[in-house]
Amino acid sequence: MDIFINDLGNLFTLTNILCILLGTVVGMVFGALPGLGTVIAVALLLPVTFTLPPLAGILMLLATYQAGEYGGSISAILLGVPGTPQAAATVIDGHPMAVNDSPGKALSYSLLSSSIGGIFGGFVLIFISVPLAKFALNFGSPEYFLLGVIGLMAVGLLSGTDKIKSSISVLLGLIAGTVGVDTLTGVNRATFNQPELMDGINLVAFLVGMFAISELFMMISKGLNTSYSGDGQNLKTGLTAKEVKGIVKPTLIGSLIGAGTGILPGIGGGASCWFAYAVVSKTSKNPEAFGKGSPEGIAAPESSNNASAGGALVPFLALGIPGSAAIAIIMGAFIMHGIQPGPNVFTAERDLVYGIFYGFILTTVAMYLVGRLLTPAFSRVLVVPNSFLVSIVFVLCLIGIYASKSAFFDLWLALGIGVVFYVLKRLNYSVSSVIIAYVLAPIIEENFRRSLTLANGNYDVFFSSIYSIVLVLMIVAALGGSIFADIKKRRTTTG
Amino acid sequence: MFTFLKKTATTSLAVAAMVMATAPTMVAAEGYPEKPITWIVPDGAGGGLDTIVRTIYPFVEKNLPNDATFVLKNLPGATQTIAVSAVYNAEPDGYTIGQASVAPLTIMPHLGKTSYSGYEDFELISNVFDAAHYIVVPEGSPFANLEELLAHAKANPGEVRVGVDGVFNVQHLPLLNLELSAEVDLNEITYKSSAETKKALLGGEIEAGIMPSHIIISEYEAGTLNPIVDVMEVKPDYFADIPSLKDLGYTPSQLFVGVIAPKGTPSDIQATLAGAIEAALQEPELIEALAKRKIMINYNDSETYLGRMQELDVVNKGILVDLGVLK
């Protein structure tokens, strides 16, 4: 157990703590600004780490990453505009709660579940990272394809009663997800000869267009001389013991799902929040509260995206495989200091790795404390009259989109997407179905085709491992279950 | 500290003297630069190439006259062609330069995916570094070397799966060329990044994969991944014992990254920039920083850089013609 005592002295230095605090504040603010998000915050602080000792620099970036995951929920809850892709699911219940009940409370639910998710991810990292990383390698292309299909089925659980509109939303998302150079053949698909579309529709432009710009149009059309909560009431942020008890189960489910998807490189937080939301909404005792401001609907995605941050460090540290864009940048900080993440890092850089493990828990604590401090200020955003809010948010959106790729094309793209989604929202189409289909489309398509190439066209590849068989059985069970439930429902209504 | 400053001053003086001696017309370069120079980086902030340029540029600044400053502009995407197009469209006044690898200059134009027609549309200032990519097999692989892998592939066409990180790119073309010259049929599996290829190799999804040398050092030391052949021309010292395609009698590919400028940039400005880059790459502090990151500095002057580019362009075009992709 010497690992526990060994490094705590190295960890609690003034440099480390200041770095963690700086990372936390930057991450939280950038996460909260629509379009800027975690990746840009981490990239911005990367050059600062060159002059720092390795541990302090890496902890600063990890603190930024963690705090960004919570920060994304701040704008998701207050404005209905997710600051990061990983907070997209938080909009569904977070925003209604903020508008109808209490913005302070909604943020507190998010902060608490994010922190628990972060701690959970940290413990996964400390105790089982090596075996878990080896386990994750069992998930190859066929398994990724099947996981993607399961994710798409979760859309069915999310969407409302109108199955046709929901299917149209999914199709739109899938189509948007196929734009760009085809990874397997190099052919341009629906790029209209725009080089900016060759890597696909920029996720930031897509997300900001569909959530933020369309929401701004909604606010304008509802009249600008109002504010969300004019009287400044209900800004208190405390939660009662009973309220905390209510989110224990969804937070644990979210943490498990988040850590589980986080360890799979390439799936990450963007999909895990939807998995968590779908499972929790399906297993909840109050399913009818979902979509109207259910605390469980905030706790599930928020705990999952923070747990996935810890999970994503597992394959990165143990195998040198970065699982997300933010982790890839953090890998840059390692390489800059001459450290190669991979199988030897646990022996060659033992002090550093354990410093990161415990420091990661510390970043979560810092996130909670800074979050507590800033939350009351953030929740006052909704007191701001909409005429100010719309213009400020619009400018922030433009900055965020431009910062992601420095392409003016993306600004027009986001505006166009905003107009389309304004119309779709007015017609009651599900925006969340579009985004999850968009995120999953490349995972499903590329892994399906890659699996068949690997097997020289033989479909047996999808039943070739115990993991793929389990996943196929899950799909069959979910399909069978819903068909059975539907038949039963029809019988009872007709007979 | 003072010796360090003095050293820098002497180097800058030496460079200035050299530039003056070699450039007969000083009209354009006199007083250059008068304003910040834009350096276009074909990578997102925090990406691999971005951090390399960010490490190098202060040293180039130091070696330029007139308190030169650079403004870095990140234009990622579309296999670097967005950034290279921006250089193509910039004024050739010496105030825009760009970093570019070989793919946007010797591959993408042949695929008809660029507004410019090839490397000929640019001034090639100087090459900065080279990269090596290896065919890698996982621990416990039946193939100890390239010959064994090719022999097995010859006997079992389409059975050996080799991962690459994209189609018609710096990894895919050398692999296709190897297949053509060794007369074997490999099953090329496309991944989106080297990280994905690494995961597939470790997970046993593929028999071999092509990986950049600097991200497999830890695995090589631990024995989980084993590089068997370098597909590029230049070898890093830490893999000096591993043969390259050239050693084995096959045509190697090349992967080098340099600085380019818009066509028509005054030649004396080009010389000033090249001199500053050359001097920067000799600074011990920069050499140490890049060595730590396993970057192989390989300064080539404009002429050598152009020669390598021409040679590679012919090879890549030939592969695409042989494959029937290009008529």
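A quick note: this is a predicted structure, and the numbers were derived from the prediction, not measured.

Draft legend 1. Main features of the overall build of chain B. Counting its secondary structure elements, chain B contains 11 helices and 11 strands. Taking 327 residues into account, the globule formula puts the C-alpha radius of gyration at 20 Å, and chain B, at 21 Å, falls close to it. Taken along the three principal axes of its C-alpha coordinates, chain B extends 65 × 50 × 35 Å. Surface exposure of chain B reaches about 12,900 Å², of which carbon and sulfur atoms provide 54%. The distance from the centre of the 21 positive side-chain charges to the centre of the 41 negative ones in chain B is 4 Å.

Draft legend 2. Spotlight on the state of the cysteines. All names here are of chain A. Tallying each qualifying case throughout the model produces 0 disulfides over all chains. With no disulfide of its own, Cys397 lies closest to Cys273 among cysteine sulfurs, the gap being 19 Å. A relative accessible area of 0% places Cys397 in the buried class.

Draft legend 3. Main features of the sheet that holds strand β6 (residues 161-164) of chain B. Residue and element names in this part refer to chain B. What the 5 strands build is an open sheet, ordered β7-β6-β8-β5-β9; its pairing is mixed. At either margin of the open sheet sits one strand with a lone partner, and together these are β7 (187-190) and β9 (225-230). Strand-to-strand twist of the sheet, defined as the mean angle between neighbouring strand axes without regard to direction, takes the value 35°. Where strand β5 (residues 133-138) and strand β8 (residues 208-212) come together, 4 bridges link them in antiparallel fashion. Looking at the pairing, Tyr134 lines up with Met211 of β8. Sheet contacts for helix α5 (residues 146-155): β5, β8 and β9; angle to β9, the most-contacted strand, approximately 85°. Taken strand by strand, helix α7 (residues 194-202) contacts β5, β6, β8 and β9, and its axis lies near 140° from that of β8.

Draft legend 4. Here's a closer look at the sheet that holds strand β2 (residues 70-74) of chain B. Residue and element names in this part refer to chain B. Taken in spatial order, the 6 strands make up an open sheet running β2-β1-β3-β10-β4-β11, and their pairing is mixed. The open sheet is flanked by β2 and β11 (296-300), the only strands paired with a single partner. With direction set aside, neighbouring strand axes in the sheet form an average angle of 25°. Sheet contacts for helix α11 (residues 302-322): β3 (96-100), β4 (122-130), β10 (256-262) and β11; angle to β4, the most-contacted strand, approximately 90°.

Draft legend 5. Main features of unusual backbone geometry. For the peptide bond that leads from Tyr32 of chain B to Pro33 of chain B, omega is -5°, which places it in the cis range. Positionally, Pro33 of chain B belongs in the loop between α1 (2-22) and β1 (37-41). Backbone geometry places Ala190 of chain A, a non-glycine residue, at a positive phi of 50°. By the secondary structure assignment, Ala190 of chain A is in the loop between β2 (188-189) and α10 (203-221). A relative accessible area of 44% places Ala190 of chain A in the partly exposed class. Backbone geometry places Glu183 of chain B, a non-glycine residue, at a positive phi of 55°. The exposure class assigned to Glu183 of chain B is exposed, which follows from its relative accessible area of 63%.

Draft legend 6. Looking closely at helix α6 (residues 172-182) of chain B. Residues and elements named next belong to chain B. Across the 11 residues that make up α6, a large majority, 9, are buried. Taken together, the buried positions of α6 are occupied by His172, Leu173, Pro174, Leu175, Leu176, Asn177, Leu178, Glu179 and Ala182. Against β5, α5, β6, β7, β8 and α11 lie the buried residues of α6. Once α6 ends, the next one or two residues include Glu183, with phi positive near 55°.

Draft legend 7. Fine view of the interface of chain A and chain B. Every contact between the two is made by 44 residues of chain A and, on the other side, 41 residues of chain B. Considering only the surface of chain A that becomes buried against chain B, Met336, Gln340 and Leu454 of chain A emerge as the three largest contributors, covering 17% of it. Along the contact surface separating chain A from chain B lie 2 salt bridges. The partner of Lys192 of chain B in a salt bridge is Glu446 of chain A, and the shortest N-O contact between them spans 3.2 Å. The interface formed by chain A and chain B includes 15 residue pairs in polar contact (both at pLDDT 80 or more). At the level of elements, α4 (37-49), α8 (141-158), α15 (325-336) and α20 (431-454) of chain A are the ones that each hand at least two residues to the side of chain A that touches chain B.

Draft legend 8. Examining the packing of helix α6 (residues 90-101) of chain A against helix α7 (residues 103-136) of chain A more closely. All names here are of chain A. With their axes 7 Å apart at the nearest point, α6 and α7 run at an angle of 150° to one another. With respect to α7, the axis of α6 lies roughly antiparallel. Within the contact between the two elements, α6 uses Gly94, Met97, Ala98 and Asp101 and α7 uses Pro103, Lys105, Ala106 and Tyr109. For the contact of α6 with α7, the residue count by class is 5 nonpolar, 1 polar and 2 charged.

Draft legend 9. Region of the structure containing the packing of aromatic side chains. Summed over the entire model, instances satisfying the criterion amount to 26 aromatic pairs over all chains. Their ring planes at 20° and their centres at 6.0 Å tell us that Phe123 of chain A and Phe127 of chain A sit as a pair that is stacked. Taken together, the residues Phe123 of chain A and Phe127 of chain A, both in helix α7 and 4 residues apart, mark about one turn of the helix. For Phe123 of chain A, a relative accessible area of 41% gives the class partly exposed. Judged by centre distance (4.3 Å) and plane angle (40°), the rings of Phe206 of chain A and Tyr438 of chain A are tilted. Of the two residues, Phe206 of chain A sits in helix α10 while Tyr438 of chain A sits in helix α20, which places them 232 residues apart along the sequence. For the pair Phe206 of chain A and Tyr438 of chain A, one class covers both residues: buried. Joined through ring pairs, the aromatic side chains of Phe145, Phe448, Tyr459 and Phe462 of chain A make up one cluster. A cation over a ring is seen here: Lys35 of chain B above Tyr95 of chain B, with NZ or CZ 4.7 Å from the ring centre. Over the ring of Phe256 of chain B we find Arg308 of chain B, and its NZ or CZ is 4.2 Å from the ring centre.

The rules we used
Residues numbered from 1 in each chain as written. Chains lettered and ligands numbered in written order. Predicted model: local features only at pLDDT ≥ 70, side-chain atom pairs only at ≥ 80, totals over all residues. Heavy atoms only, no water. Helix = DSSP H or I, 4+ residues; strand = E, 2+ residues; numbered from the N terminus. Rg over C-alpha atoms; globule rule 2.2 N^0.38 Å. Areas by Shrake-Rupley, 256 points an atom, 1.4 Å probe, with all protein chains shown as cover. Lys, Arg positive; Asp, Glu negative; His and termini not counted. Charge placed at Lys NZ, Arg CZ, Asp CG, Glu CD. Disulfide = S-S within 2.5 Å. Buried < 20%, exposed > 50% of the residue type's maximum accessible area, 1.4 Å probe, protein only. Pairing = 2+ DSSP bridges. Axes fitted to C-alpha atoms, helices over the stretch in contact; angles between N-to-C directions. Contact = heavy atoms within 4.5 Å. Buried area = accessible area lost by both parts, 1.4 Å probe. Salt bridge = Lys/Arg side-chain N within 4 Å of Asp/Glu carboxyl O. Polar contact = N/O pair within 3.5 Å; in protein donor to acceptor, adjacent residues only side chain to side chain. Parallel < 35°, antiparallel > 145°, perpendicular 65-115°, else oblique. Nonpolar A, V, L, I, M, F, W, Y, C, P; charged D, E, K, R; others polar. Phe/Tyr/Trp six-rings, centres within 6.5 Å; stacked < 30°, edge-to-face > 60°. Lys NZ or Arg CZ within 6 Å of the ring centre and 35° of its normal.

Interpretation in functional terms is not warranted from these geometric data alone.
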